[in-house]
Amino acid sequence: INGSITEFFNRLPSCSWNKLKRLVLPFCNLTGSLPAKLEPFRNLTWLDLGDNMLTGPVPLWVGQLTNLAELDLSGNKLTGPVSLWVGQLTNLAELDLSSNNLDGTLHEGHLSGLVNLERLFLADNSIAIRVNSTWVPLFNLTVLELGSCLLGPKFPTWLRWQINIYNLDISNTSISDMVPDWFWTMASSVHFLNMRSNQISGFLSP
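The rules behind these values
Residues numbered from 1 in each chain as written. Predicted model: local features only at pLDDT ≥ 70, side-chain atom pairs only at ≥ 80, totals over all residues. Heavy atoms only, no water. Helix = DSSP H or I, 4+ residues; strand = E, 2+ residues; numbered from the N terminus. Polar contact = N/O pair within 3.5 Å; in protein donor to acceptor, adjacent residues only side chain to side chain. Contact = heavy atoms within 4.5 Å. Pairing = 2+ DSSP bridges. Axes fitted to C-alpha atoms, helices over the stretch in contact; angles between N-to-C directions. Salt bridge = Lys/Arg side-chain N within 4 Å of Asp/Glu carboxyl O. Buried < 20%, exposed > 50% of the residue type's maximum accessible area, 1.4 Å probe, protein only. Phe/Tyr/Trp six-rings, centres within 6.5 Å; stacked < 30°, edge-to-face > 60°. Lys NZ or Arg CZ within 6 Å of the ring centre and 35° of its normal.

A. Geometry of unusual backbone geometry. Put simply, Gly-152 and Pro-153 share a cis peptide bond, and its omega is 10°. By secondary structure assignment, the location of Pro-153 is in the loop between β13 (143-145) and β14 (167-169). At Asn-29, a residue that is not glycine, the phi angle is positive and equals roughly 60°. Inspection of the secondary structure assignment puts Asn-29 in the loop between β2 (22-24) and β3 (30-33). Unusually for a residue other than glycine, Ser-197 sits at a positive phi of about 60°.

This is how it looks when you write it as structure tokens:
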């Protein structure tokens, strides 16, 4: 598949979307911006448009796909902030927006509704994650990749509750702080840990 993503959607008969469960089109040389208006695909559980050449913001209609379990828009050239619509995707197990040009701030309003989230990929964007120090996430992650996002300067206390993570990347996230005592207990299940390019001090737990 090559060409405009808008033309691709327009070529499909609207009746096709009523039964569609998965739309998986990575590495298809799709170009242009996602349509600003599109009839919601209420039954879609998997949307993968990763590693294309998509530009512009992520449209609001994506937030209406409330049956989505996996959303992958990684490896494109998407811009702008992540809208609050992401918090409506309560069935999401995987959210991958990595390797785009996204910016802005994520806060509790974006994340608190993601109660089923297991894998979160936001690396290689300019996204800041700003949540209250007392916030306790309802999700339980196994993979968290936030490299090059903005987490610091304080060590993110909400990580304390993510005790099942086996892949954790918080490299180059502007953290300038001591490693808290709870971190090594939380990280006891981690197989891959990347904290480079920060100003983190403290001691490795034996």
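Structure's up, so let's keep going.
B. Expanded view of the side chain of Asn-52. For Asn-52, the position within the fold is in the loop between β4 (46-48) and β5 (53-56). Looking at Asn-52, its side chain comes within polar contact range of the main-chain oxygen of Gly-50, at 3.2 Å. For Asn-52, the contacting residues outside a window of four places in its chain are Leu-25, Pro-26, Phe-27, Cys-28, Asn-29, Leu-30, Gly-75 and Asn-76.

C. Quick look at the pairing of strand β7 (residues 77-81). Across 2 bridges, β5 lies against β7 in parallel orientation. Counterpart to Gly-56 in the pairing with β7 is Leu-78. Pairing of β7 with strand β9 (residues 101-103) involves 3 bridges; the strand directions are parallel. Within β9, the position partnered with Pro-81 by the bridge is Asp-103.

D. Quick peek at the sheet that holds strand β8 (residues 94-96). An order of β2-β4-β6-β8-β11-β13-β14-β16 is seen for the 8 strands of this open sheet, with the pairing classed as parallel. The open sheet has two edge strands, β2 and β16 (192-194), and neither has a second partner. Pairwise comparison of adjacent strand axes, ignoring direction, gives a mean angle of 10° for this sheet. Here strand β6 (residues 70-72) runs beside β8; their pairing, made up of 3 bridges, is parallel. Each bridged residue has a counterpart across the sheet, and for Asp-72 the counterpart in β8 is Asp-96.

E. Main features of the pattern of salt bridges. For the structure shown, the criterion picks out 2 salt bridges. In this structure, the salt-bridge partner of Arg-119 is Glu-94, at a minimum N-O distance of 2.6 Å. One end of the pair, Arg-119, is in strand β11 (residues 119-121); the other, Glu-94, is in strand β8, with 25 residues separating them in the sequence. Neither Arg-119 nor Glu-94 differs from the other in exposure class; each is buried. One salt bridge in this structure joins Arg-119 and Glu-118, with 3.2 Å as the shortest N-O distance.

F. Inspection of the environment of Val-179 at higher detail. Looking at the element boundaries, Val-179 is found in the loop between β15 (176-178) and α3 (181-186). Once the C-alpha coordinates of Val-179 and Asp-48 are considered, the two residues, 131 residues apart in sequence, prove to be 36 Å apart. Once you skip the residues sitting within four places of it in the chain, Val-179 turns out to touch Trp-184, Ile-200 and Ser-201.

G. Geometry of the packing of aromatic side chains. In total, this model carries 9 aromatic pairs according to the counting rule given. Seen from their ring centres, Phe-139 and Trp-158 are 6.4 Å apart, and the 90° between their planes marks the pair as edge-to-face. Here Phe-139, found in the loop between β12 (128-129) and β13, pairs with Trp-158, found in the loop between β13 and β14; they are 19 residues apart in sequence, far enough to count as distant. Considered together, Phe-139 and Trp-158 belong to a single accessibility category, that of buried residues. Counting every residue linked through ring pairs, the aromatic cluster contains Phe-155, Trp-182, Phe-183 and Trp-184. Above the plane of the ring of Trp-161 lies Arg-160, whose end atom (NZ or CZ) is 5.7 Å from the centre.

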